[in-house]
Amino acid sequence: MKPHDWIAILDYGSQYSQLIARRIREQKVYCELIRFDTPAATLAARQPAGIILSGGPSSVFETNAPLGDPGLYDLGVPVLGICYGMQMTAKLLGGKVTPGHSREYGKAQIRVAANGDASLLGDLDATELSVWMSHGDQVVNMPEGFHAIASTPSCPVAAMANPARRIFGLQFHPEVVHTPRGTDILRKFLFAICGCTGDWQMSQFIRDSIADIRQRVGDDHVVCGLSGGVDSSVVAVLIHRAIGKQLHCIFVDNGLLRHGEAEQVEQTFGKAFGLDLHVARAQDQFLKRLKGVVDPEMKRKAIGAMFVEIFAEEARKLGHVKFLAQGTLYPDVIESFSPIGGPSATIKSHHNVGGLPPDMKFELLEPVRELFKDEVRALGRELGVPDAVTNRQPFPGPGMAVRVLGEVTAERVTILQQADLRVQEEIEKLPNYRDIWQSFAVLLPVQTVGVMGDSRTYENVAALRVVESRDGMTADWHRVPYDTLARISNRIINEVRGVNRVVFDISSKPPATIEWE
Ligand code: XMP
């Protein structure tokens, strides 16, 4: 599936490469991050409307510096080099780059050259622009045919252009928010220079994917593990649109989900969407396997192994199935192309199914591998997946097992599900609910003394965890209003048997993690 106009972003390993892709897709232009050394002939065959060379941590002076195929400048396609991408362009086309003695990092003011090229910076109606720099090396002699279109006192070539060949370089980063006119600059490149139309839409993505899936699958069958999470749900609904009853979904109810979640999955996907849903009710098997296990990593291993066993058993019952559908997302794929290491795409993909028994060989079907998480949400909405699913908070695979600290028993899981339900009901009422990454209850393995009516109690403590995060890698605790905290605490203590104390977790990550185990 390739829409007619798309931008190829050659990835030289910058921490901002994904951001370039995001900015471009926000302009409704399709783009892909591809290998930094993709041969010019491969690029030519795919006919991009433009090529962007990303920044990167390397210096062109390093012996193993990642370099693009010089032929890419001769394709007649506009090229924009950003930071390292610009230095590499200068070097490959015969200019001169000098090693920086000090790193220029942070905000800078660039002066736009009066005689500059109008197509990229010239007609932004600004003589000065505030930009974000992050570089050591800099271009001192530009290749033939280029001229400087912006400068700073310490960086005479802050941007360069060869309008005749439509090759441009920016020493700064237009993709970050600290370059306020950065989007305008990228828009110039996309629309004025590359001639993109900006009509890339989810509906088009759906049409193209459906055609793709039908062609690839033919008369064969596909199996998909449905967890109720965003990615697998959207993938299942999309594939179902393409091939209907040739898709078989397996939902493993491990008994460790949130209150009512298993029923919701059956209702939404089995009944409302009419998917061929096979529910494996395996609560008892999971609990049995978890008996006596208290170490968090052992819990994860036991649950992972159990899941694979049950999934494989269900898949075998289906008979001949050629494809396994997975909700692999773009960020999982991109890492693999980084020139500075990172696992290869194949290792990642196989890793996802690595646990399946050797007799089960599937081809992978990963229809959203070119989308970002929020694009998958948008796709889900377009496909009619309910908001409750598309906006769902992340939920760990091992579920409640890593939130019931210590040994997991049926009774303790029920107590936690009941406490957690109260947390959800109250937190969902907050006007800024969308700012919250995760909110949940944790059942601690301690008992404390309380008093209810005239009697002394000796019961469990529930902790409340509510965090904000962008990606789960770092997190801060959300400043939950006192009234909400009070309501949650009252409701849990009064309505949930077995809990007589509620505490609020005010640790950030790092050093704490989001989950307690
Ligand atoms: P931590 O606790 O490491 O969590 O700060 C970061 C994010 O990952 C989720 N998480 C998991 N997800 N299997 C999963 O699928 C796991 O074993 C697991 N452990 C943590 C967690 O909910 C948070 O969003």
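Predicted, not measured: the structure shown is a model, and the values here were computed from it. (Residues numbered from 1 in each chain as written. Predicted model: local features only at pLDDT ≥ 70, side-chain atom pairs only at ≥ 80, totals over all residues. Heavy atoms only, no water.)

Points about the site of the ligand
In step 1: If you check the shell around the ligand, you find Arg300, Pro394, Pro396, Gly397, Pro398, Trp437, Gln438, Gly472, Lys509, Thr513, Ile514 and Glu515 and nothing else.
In step 2: Here an oxygen atom of the ligand and a side-chain polar atom of Gln438 are 2.8 Å apart.
In step 3: About the coverage of the ligand: the protein hides 68% of its 500 Å² of free accessible area.
In step 4: Per-class residue counts for the shell around the ligand are 5 nonpolar, 4 polar and 3 charged. (Near = heavy atom within 4 Å. Polar contact = N/O pair within 3.5 Å; in protein donor to acceptor, adjacent residues only side chain to side chain. Areas by Shrake-Rupley, 256 points an atom, 1.4 Å probe, with all protein chains shown as cover. Nonpolar A, V, L, I, M, F, W, Y, C, P; charged D, E, K, R; others polar.)

A look at the packing of aromatic side chains
Aromatic ring pairs are described here by two measures, namely the spacing of the ring centres and the angle between the planes.
In step 1: Applying the stated criterion across every chain yields a total of 7 aromatic pairs.
In step 2: Both rings, one in Tyr12 and one in Tyr84, keep their centres 5.6 Å apart while their planes meet at 45 degrees; by these two values the pair is tilted. In this pair, Tyr12 is assigned in the loop between β1 (6-11) and α1 (17-26) and Tyr84 in helix α3 (residues 84-92), connecting sequence segments 72 residues apart. One exposure class covers both Tyr12 and Tyr84, and it is buried.
In step 3: Judged by centre distance (6.0 Å) and plane angle (20 degrees), the ring pair of Phe307 and Phe311 falls under stacked. Of this pair, Phe307 and Phe311 both sit in helix α9 (residues 296-318), 4 residues apart, which is roughly one turn of the helix.
In step 4: Phe307 gets classed as partly exposed once you look at its relative accessible area, which sits at 38%.
In step 5: One aromatic cluster is present, formed by Tyr12, Phe36 and Tyr84 through successive ring pairs.
In step 6: A cation over a ring is seen here: Arg479 above Trp477, with NZ or CZ 3.8 Å from the ring centre. (Phe/Tyr/Trp six-rings, centres within 6.5 Å; stacked < 30°, edge-to-face > 60°. Helix = DSSP H or I, 4+ residues; strand = E, 2+ residues; numbered from the N terminus. Buried < 20%, exposed > 50% of the residue type's maximum accessible area, 1.4 Å probe, protein only. Lys NZ or Arg CZ within 6 Å of the ring centre and 35° of its normal.)

Some points on the nonpolar core
In step 1: By size, the foremost hydrophobic cluster in this structure holds 66 residues, and its most contacted members are Leu10, Leu53 and Leu379.
In step 2: Sorting elements by how many residues they give to this core places helix α6 (residues 230-243) first, with 9 residues.
In step 3: Shared between two domains, this core takes at least three residues from each, and those domains are domain 1 (7-193) and domain 2 (202-390).
In step 4: Sequence-distant contacts of Leu10, defined by excluding residues within four places in its chain, comprise Ile34, Arg35, Phe36, Leu43, Ile51, Ile52, Leu53, Ser54 and Leu72. (Core = buried A, V, L, I, M, F, W, Y, C linked by side-chain atoms within 4.5 Å. Domains from an automatic or database assignment. Contact = heavy atoms within 4.5 Å.)

Section: the pattern of salt bridges
In step 1: According to the stated counting rule, one finds 30 salt bridges in the structure shown.
In step 2: Of the charged contacts in the structure, one is a salt bridge between Glu128 and Arg111, with a shortest N-O distance of 3.2 Å. With Glu128 in strand β7 (residues 128-135) and Arg111 in strand β6 (residues 104-112), the pair connects residues that are 17 residues apart, well separated along the chain.
In step 3: A single salt-bridge network, built from bridges that share partners, covers Arg422, Glu425, Glu426, Lys429, Arg487, Arg491 and Glu495. (Salt bridge = Lys/Arg side-chain N within 4 Å of Asp/Glu carboxyl O.)

Overview of the pairing of strand β10 (residues 155-162)
In step 1: The buried fraction of β10 is high, at 7 of 8 residues.
In step 2: Judged from the 4 bridges that link them, strand β9 (residues 147-152) and β10 form a sheet pairing that is antiparallel. Note on β10: the bridge partner recorded for Thr152 is Cys155.
In step 3: The hairpin turn running from β9 into β10, its antiparallel successor, is 2 residues long.
In step 4: The pairing of β10 with strand β11 (residues 167-170) spans 4 bridges and is classified as antiparallel. From the neighbouring strand, Ala159 faces β11, where its bridge partner is Leu170. (Pairing = 2+ DSSP bridges.)

Focus on the side chain of Thr268
In step 1: Within the secondary structure, Thr268 sits in helix α7 (residues 261-272).
In step 2: With relative accessibility at 10%, the residue Thr268 sits in the buried group.
In step 3: Reaching out from Thr268, the side chain makes a polar contact with the backbone oxygen of Gln264 at a distance of 2.8 Å.
In step 4: With residues up to four places along the chain from it excluded, the contact list for Thr268 reads Phe273 and Pro386.

Quick word on the packing of helix α8 (residues 283-290) against α9
In step 1: Two numbers describe how α8 lies on α9: the axes approach to 10 Å, and their chain directions differ by 145 degrees. Helix-helix and strand crossings are classified by hand; for α8 and α9 the assignment is right-handed. Residues Gln285, Phe286, Arg289 and Leu290 of α8 form the contact with α9, whose participating residues are Lys299, Ala302, Ile303, Ala305, Met306, Phe307, Glu309 and Ile310.
In step 2: Across the contact of α8 with α9, the residue classes tally to 8 nonpolar, 1 polar and 3 charged. (Axes fitted to C-alpha atoms, helices over the stretch in contact; angles between N-to-C directions. Left-handed = near helix turned anticlockwise from the far one by under 90°.)

Let's talk about the packing of helix α5 (residues 202-217) against α6
In step 1: Relative to each other, α5 and α6 sit at 65 degrees, their axes nearing to 9 Å. In terms of orientation, α5 lies roughly perpendicular with respect to α6. Crossing geometry of α5 relative to α6 is assigned as right-handed. Residues Ile206, Ser209, Ile210, Ile213, Arg214 and Val217 of α5 form the contact with α6, whose own contacting residues are Leu238, Ile239, Arg241, Ala242 and Ile243. (Parallel < 35°, antiparallel > 145°, perpendicular 65-115°, else oblique.)

Some details on the side chain of Arg23
In step 1: Within the element layout of this structure, Arg23 appears in helix α1.
In step 2: Given a relative accessible area of 17%, Arg23 falls into the buried group.
In step 3: Within polar-contact distance, the side chain of Arg23 engages the side chain of Glu26 at 3.1 Å.
In step 4: Those residues in contact with Arg23 that sit more than four places away from it in its chain are Glu175, Val177, Thr183 and Leu186.

Overview of the domain arrangement of the chain
In step 1: In terms of domain boundaries, the chain breaks down into domain 1 (7-193), domain 2 (202-390) and domain 3 (407-504).
In step 2: Once you take the C-alpha centre of each, domain 1 and domain 2 turn out to be 38 Å apart.
In step 3: With 14 residues of domain 1 at the contact, the number on the domain 2 side is 12 residues.
In step 4: For the pair domain 1 and domain 2, the two sides together bury roughly 1200 Å², of which 58% comes from carbon and sulfur.
In step 5: Sorting the residues of domain 1 by area buried against domain 2 places Gln18, Arg22 and Arg25 first, and these three jointly supply 41% of that buried surface.
In step 6: Run the count over domain 1 and domain 2 and you get 2 salt bridges.
In step 7: At the junction of domain 1 and domain 2, the tally comes to 4 residue pairs in polar contact (both at pLDDT 80 or more).
In step 8: Considering only residue class, the side of domain 1 that touches domain 2 consists of 7 nonpolar, 2 polar and 5 charged. (Buried area = accessible area lost by both parts, 1.4 Å probe.)

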